[in-house]
Amino acid sequence: MKKKSVLFLCTGNSARSQMAEALLRSKAGDQFDVFSAGTQPEEVDARAIEAIQKFGVDASDLVSKSVQSFDGKDFDYVITLCDKANTECRSFPGAGKQLAWDFPDPKSRKGHHPFSSTLTELNNRLSMFLLVENKTAATAANDAPIEIEQSTETFTNVDPIAFYKCLTDDIRLKTLMLTHYHGELCVCELMQALDEDSQPKVSRNLALLKKANILSDRKHGQWVFYRINPSLALWAKSVIAQTTENNIALISPYLERLDAMENRPNKASFCR
């Protein structure tokens, strides 16, 4: 079977995308050709290399590269790992499928072991990626969830009671899980995924999530795209991530329905 190709993008290609490249190559290198690049490449951070090696993964071939070095190349998956890279490369030319993941920069992240924490979170997300995207990766379904170290860093304040109330509604919970996986979605994509005919109903729930500061939005042409608020407190992001990653069977039918959707909104942007 022909390998699928994956390109991980972040700003510096110095930590997060290098970690993701090493992890996916280690977990499923026989099924994926894995690459990484940066929109403003920097030297690979020695602390990232150390964390990867301590995790038991080979880091010997990791080199920082510019996204421009992949001009004209097609990838089955392009995955951005930070909000800045997603903004700069929202629609990567030649991407079969593009996902927008947002992980805090370990170089500025607080906590006792920021690089190890980021690596562990990436490992969990990649296990989910394999479970959903690679139907032949049976071993991915047996990956044991790994506990994520808690961080003291917070961003936008969110009331815990309001946050958990938002999770009690079926549409809102599945919306957060689907958005967590895809990075950003518009109302029509959510209607397709949830098999929901009422746009006002979906929009009303999106408005509640936005009012609670859990989702943020951006307008592109006639479309409004929603995503997990990049400045949402890390504890709240972790709840959404863990809920999604450990209950992927709950949203698998919705992911499949979304994949089958035709004429999806154009998220095109520049990529430089």
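What you are looking at is a predicted structure, and each value in this text was computed from that prediction instead of being measured.

Q: Could you give an account of the packing of aromatic side chains, naming the residues involved and the relevant values?
A: This structure, assessed with the given rule, holds 12 aromatic pairs. On the numbers, 5.8 Å between centres and 65° between planes, the contact of phenylalanine 35 with phenylalanine 70 is edge-to-face. Of this pair, phenylalanine 35 sits in strand β2 (residues 32-38) while phenylalanine 70 sits in the loop between α2 (46-54) and β3 (75-80), placing them 35 residues apart in sequence. The partly exposed category is assigned to phenylalanine 35, whose relative accessible area is 25%. You can call phenylalanine 70 buried: its relative accessible area is 8%. Ring geometry for phenylalanine 75 against phenylalanine 92: centres 6.2 Å apart, planes inclined by 65°, an arrangement best described as edge-to-face. Of the two residues, phenylalanine 75 sits in strand β3 while phenylalanine 92 sits in the loop between α3 (83-88) and β4 (95-100), which places them 17 residues apart along the sequence. For phenylalanine 75, a relative accessible area of 2% puts it in the buried group. Using a relative accessible area of 7% as the deciding quantity, one classes phenylalanine 92 as buried. A cation over an aromatic ring shows up here: lysine 73 above the ring of phenylalanine 75, its NZ or CZ 5.5 Å from the ring centre.

Q: Tell me about the pattern of salt bridges, and name the residues and values.
A: Pairing between side chains becomes possible if they bear opposite charge and their charged atoms approach one another. Enumeration according to the criterion identifies 18 salt bridges in this entry. A salt bridge links lysine 97 to aspartate 259; its shortest N-O distance comes to 3.2 Å. Note that lysine 97 is positioned in strand β4 and aspartate 259 in helix α10 (residues 248-259), a separation of 162 residues in sequence. The partner of glutamate 196 in a salt bridge is lysine 201, with the nearest N and O atoms 3.8 Å apart. Through salt bridges with shared partners, a single ionic network connects Arg90, Glu184 and Arg218.

Q: Would you mind going over the sheet that holds β4 in detail, with residue names and values included?
A: Sheet strands pair by backbone hydrogen bonding; their relative direction is either parallel or antiparallel. The strand order across the open sheet formed by four strands is β2-β1-β3-β4, and the pairing between neighbours is parallel. Across the chains shown, the open sheet's two edge strands, defined by having one partner strand only, are β2 and β4. Strand-to-strand twist across the sheet, computed as the mean angle between neighbouring axes with direction ignored, equals 20°. Pairing geometry for strand β1 (residues 4-10) and β2, over seven bridges, is parallel.

Calculation criteria
- Residues numbered from 1 in each chain as written.
- Predicted model: local features only at pLDDT ≥ 70, side-chain atom pairs only at ≥ 80, totals over all residues.
- Heavy atoms only, no water.
- Phe/Tyr/Trp six-rings, centres within 6.5 Å; stacked < 30°, edge-to-face > 60°.
- Helix = DSSP H or I, 4+ residues; strand = E, 2+ residues; numbered from the N terminus.
- Buried < 20%, exposed > 50% of the residue type's maximum accessible area, 1.4 Å probe, protein only.
- Lys NZ or Arg CZ within 6 Å of the ring centre and 35° of its normal.
- Salt bridge = Lys/Arg side-chain N within 4 Å of Asp/Glu carboxyl O.
- Pairing = 2+ DSSP bridges.
- Axes fitted to C-alpha atoms, helices over the stretch in contact; angles between N-to-C directions.

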